[in-house]
Amino acid sequence: MSIIYNSELRVFKLDTPDSTYAIEVSPTGYLLHLYYGASVPDTDLRYLRRMIGVSSTSAQVQDAKENGMSLDTVHLEYPAEGAGDMRISALSIRGENGCNATAIKYKSHKIYNGKPAIKGLPAVYTNTDDEADTLEIVCEDTLTGAEVTLIYTAFTQLDAITRSVRVKNTSDRSFSIERVHSTALDLPDMNFEMMHLQGRWAKERTLVKRHLQYGLQGIHSKRGTSSHHNNPFLALGRDGYTEETGEVYGFSLVYSSNFKVEIEVDFLGTSRVLMGINPDTFGWLLEPGEEFASPEAVMVYSNHGVGGMSRTYHKLYRYNLCRGEWKTKKRPILINNWEATYFDFDDDKLVAIAKDASELGIEMLVMDDGWFGVRNNDKSSLGDWYVNESKLKGGLGKLVERVNALGMKFGIWFEPEMISPDSDLYRAHPDWCIKVEGREMSIGRTQYVLDMSRADVRDNIFDQMYKILSSANIEYVKWDFNRNLTEVGSALLPHERQKEFFHRYILGVYELLERLLAAFPKLLLEGCAGGGGRFDPGMLYYSPQIWTSDDTDAMERLEIQYGTSMVYPLSSMSAHVSACPNHQTKRVTSFKTRGDVAMGGAFGYELDITTLNDDERALVREQVAAYHKYYNVIQNGDYYRLINPTEDKANFTCASAWESVSQDKNEVLLTYVVMRTQPTLQRYIRLAGLDPEKVYTDTATGIKYSGALLMNAGLNISGNYTDGTSLVWHFVADNR
Ligand code: GLA
């Protein structure tokens, strides 16, 4: 059992292979946080509790019953609002008396094998009970009758601990939850750099860093989506950490709506990290007997730097978060017609693309936006999910048959949560969209957002999608979402529950996704939100791949894919070879480089393949062959980031490099891309994650190197390369 409770010491200890997490129940029942870090064998960690009392911090209040302890200075496991701890809090409950002083104390606990699901929410799961153990600590607030259960799952093979919180109203009066974070962690000092993924449309998830400072810092979203701008992820690297060494703590939230990561460094230099639903746009009225479940936060501890953290997330999210038919199954190489045609296509054009694509080894055609209603631009028809037969003559079934006859699978685009003002659906149900009566509605991409908190709205959209998906052999859906939520209000919610809207919205979206997958269990879902505006673990639970960004420029993708790989496995990052000059940046990059960059994700194409010349067609064949040849090492291997494209700009050149190593360390694929050339380049790339004892052969040249040599001295790549050159090396170990 990786979790124990020592009843004499009143200490809980959670162990993963290389980390330990410890909690103490204080004599008066507060949960004190003792430790989170590298594995320690000891159980009596009580000496770590920080008991700086009133005398040493005179402005603080002292807990009335516990001599010498001030809640304002101890490390708390799940800090509550307004009862002596003046730092940022994880929990605030406003009772019927109008007050929100909240105090929770230990009541009971249980420890068991496996991991529970969270009703209505995506969450990490176990494939077998021996993968993880779970601790539930039940606390109570005797005044409000709130029973607060802190749920921890420790993984036996990965350094990951998941956390979530359940609040139950055991009283006979209602109360309001004002904030309920999914995780809280007090770290004993502030010697950390904070890393997060910053961005915007077409420039998602760039890794940025800053050192912790006294006071508040953090990131959030209040857009109704996890957002292009901030990903629900943050890491803290202890001073001195590097990509492959040192201590790093990762925090990732399995949630697709408004979130907040708050960090406060207090007057004693303690760093408190909170992560969960954004309290600024949240409130929840809990009636007697009702329960509220928070989303799940996934904490990862690494003492192998940022890379170690990422590899843990990759494994956990690939094998214990993604689900269903396509979780680890080899995905078809797809071609999407968006950048090839935009709205200007018909059945013959699509079949022509499918025909050329199938000849070159591509396996699926995805018909993007524009096939429904009277949608010939982005100004109409969202919500009218019926086929435009003047475009697809003979209907969808006929088109799919023609594509299937070419040996190609067929996929289709939907934007289920949206409604165009110019649509039959809006004309029939103007009250079905999100709005505040009397207030002007903001418009984004000429569309409004449907009220997904309503069951009748979801039923309608489900029925329409069901009809389309069961009308033909459709094996894939791209689920898009192209604007943020504003003027939020639901026609069906009473005024005291309007604060619940954002959370109810996303619960509705999850319910619809779940229903769709239950009806079509073999469907491959690809998430999308104006590119990667909802690239989060919540969506990964339903869609094992997500469109990474609307920016398909290979040079831009280097940074975007680098940042995305902080948390998300390569199998989840859809990456396509697109046309040049690139539609977003006008940059021209060689066809080879575009392929090599897209190979670092869920590989596909997005261009008019009928216009390619013979050389380019030959390259498509080569890329398709490379995808199959390197599939195992790329998709099932361990990922190492070798050169950071964002930081390398300050160096003597500008490049990006990454590497995949098979689990048995017998196969290695290294990619190096020159972003900005400088003459007389002298450079060695030191590989990582190899077996130092093994001898690796470069399969192109036959040259042999020991693993130790490649990791310690590196590969000599000195030479003159033009901008945008990509180089790929494939090594295999001798005597495998
Ligand atoms: C979004 C997506 C694109 C494409 C368009 C269609 O921008 O990210 O890939 O599907 O919508 O309108």
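Model, not experiment: these values are computed from the prediction.

S.K.: For helix H9 (residues 554–564), give the residues involved together with the corresponding values.
M.R.: Counting buried positions over the eleven residues of H9 gives eleven, a clear majority of the element. Residues Ala554, Met555, Glu556, Arg557, Leu558, Glu559, Ile560, Gln561, Tyr562, Gly563 and Thr564 constitute the buried set of H9. The opening residue of H9 is Asp553, an N-cap whose side-chain oxygen sits 2.7 Å from the backbone nitrogen of Met555.

S.K.: I'd love a proper account of the site of the ligand, names of residues and values included.
M.R.: Lining the immediate environment of the ligand, one finds 13 residues, of which Asp368, Asp369, Lys478, Gly531 and Asp550 sit closest. The contact in question runs from an oxygen atom of the ligand to an N or O atom on the side chain of Asp369, over 2.6 Å. Separating an oxygen atom of the ligand from a side-chain N or O atom of Asn482 is a distance of 3.3 Å. Burial of the ligand by the surrounding chains reaches 97%, relative to a free accessible area of 300 Å². For the shell around the ligand, a count of residues per class yields four nonpolar, three polar and six charged.

S.K.: Which residues make up the packing of helix H3 (residues 347–359) against helix H4 (residues 395–405), and what values go with them?
M.R.: The contact between H3 and H4 brings their axes to 9 Å, and the two run at 15°. One element, H3, and the other, H4, form an angle in the roughly parallel class. Here H3 runs over H4; the crossing is right-handed. Here Asp347, Asp348, Leu350, Val351 and Ala354 of H3 come into contact with H4, specifically with Leu399, Arg402 and Val403. Across the contact of H3 with H4, the residue classes break down as five nonpolar, no polar and three charged.

S.K.: Give me the lowdown on the sheet that holds strand S26 (residues 476–479), citing residues and values where you can.
M.R.: In spatial order, the strands read S21-S22-S23-S26-S27-S28-S29-S30; together these eight strands close into a barrel with parallel pairing. Here the average twist between neighbouring strands, direction ignored, is 30°. Judged from the five bridges that link them, strand S29 (residues 573–578) and strand S30 (residues 602–606) form a sheet pairing that is parallel. Counterpart to Ser578 in the pairing with S30 is Glu606. In the packing of H4 onto the sheet, contacts are made with strand S22 (364–367) and strand S23 (409–414), and the angle to S23 comes to roughly 140°.

S.K.: Lay out the sheet that holds strand S31 (residues 638–643) in plain terms, naming residues and giving numbers.
M.R.: In space, the six strands of this open sheet follow the order S31-S32-S33-S38-S35-S36, with antiparallel pairing throughout. Each edge of the open sheet carries a strand with a single partner, namely S31 and strand S36 (704–706). The average angle at which neighbouring strand axes cross in this sheet is 25°, direction not considered. Two elements, strand S35 (residues 695–698) and strand S38 (residues 726–733), share three bridges in a ladder whose sense is antiparallel. Within the sheet, the bridge partner assigned to Tyr696 lies in S38 and is Ala733. In this fold helix H10 (residues 591–598) packs onto strand S32 (654–661), strand S33 (667–676) and S38, with an angle of close to 50° to the strand it touches most, S38. Helix H11 (residues 614–636) rests against S31, S32, S33 and S38 of the sheet, and its axis sits at about 85° to S33.

S.K.: Go over empty space enclosed by the protein, please, and point to the residues and values.
M.R.: According to the stated counting rule, one finds seven cavities of 30 Å³ or more in the structure shown. In this structure, the largest cavity spans a volume of roughly 150 Å³. Split by residue class, the lining of the largest cavity holds eleven nonpolar, one polar and three charged. Approximately 90 Å³ is the volume attributed to the second largest cavity. If you list the elements that add at least two residues to the lining of the second largest cavity, you get H9 and S32.

S.K.: Please give an account of the pattern of salt bridges that cites residues and values.
M.R.: Following the criterion strictly, the structure yields 56 salt bridges and no others. Two residues, Arg272 and Asp186, come together in a salt bridge whose shortest N-O distance is 2.7 Å. With Arg272 in strand S17 (residues 271–277) and Asp186 in strand S10 (residues 175–187), the pair connects residues that are 86 residues apart, well separated along the chain. Each member of the pair, Arg272 as well as Asp186, is classed as buried. Here Lys209 makes a salt bridge to Glu647, at a shortest N to O gap of 2.8 Å. Here Glu647 lies in the loop between S31 and S32 and Lys209 lies in strand S12 (residues 203–211), a separation of 438 residues in the sequence. Accessibility expressed as a relative area gives 33% for Lys209, which makes it partly exposed. Overall, Glu647 belongs to the partly exposed group, its relative accessible area being 43%. Sharing partners across several salt bridges, the network here consists of Asp85, Arg87, Asp186, Asp266 and Arg272.

Scoring rules and cut-offs
- Residues numbered from 1 in each chain as written.
- Predicted model: local features only at pLDDT ≥ 70, side-chain atom pairs only at ≥ 80, totals over all residues.
- Heavy atoms only, no water.
- Buried < 20%, exposed > 50% of the residue type's maximum accessible area, 1.4 Å probe, protein only.
- Helix = DSSP H or I, 4+ residues; strand = E, 2+ residues; numbered from the N terminus.
- Polar contact = N/O pair within 3.5 Å; in protein donor to acceptor, adjacent residues only side chain to side chain.
- Near = heavy atom within 4 Å.
- Areas by Shrake-Rupley, 256 points an atom, 1.4 Å probe, with all protein chains shown as cover.
- Nonpolar A, V, L, I, M, F, W, Y, C, P; charged D, E, K, R; others polar.
- Axes fitted to C-alpha atoms, helices over the stretch in contact; angles between N-to-C directions.
- Parallel < 35°, antiparallel > 145°, perpendicular 65-115°, else oblique.
- Left-handed = near helix turned anticlockwise from the far one by under 90°.
- Contact = heavy atoms within 4.5 Å.
- Pairing = 2+ DSSP bridges.
- 1 Å grid on protein atoms, 1.4 Å probe; cavity = no way out; pocket = protein on both sides within 12 Å on 5 of 7 lines; lining within 4 Å.
- Points joined across faces, edges and corners; volume = space filled by probe spheres on them.
- Salt bridge = Lys/Arg side-chain N within 4 Å of Asp/Glu carboxyl O.

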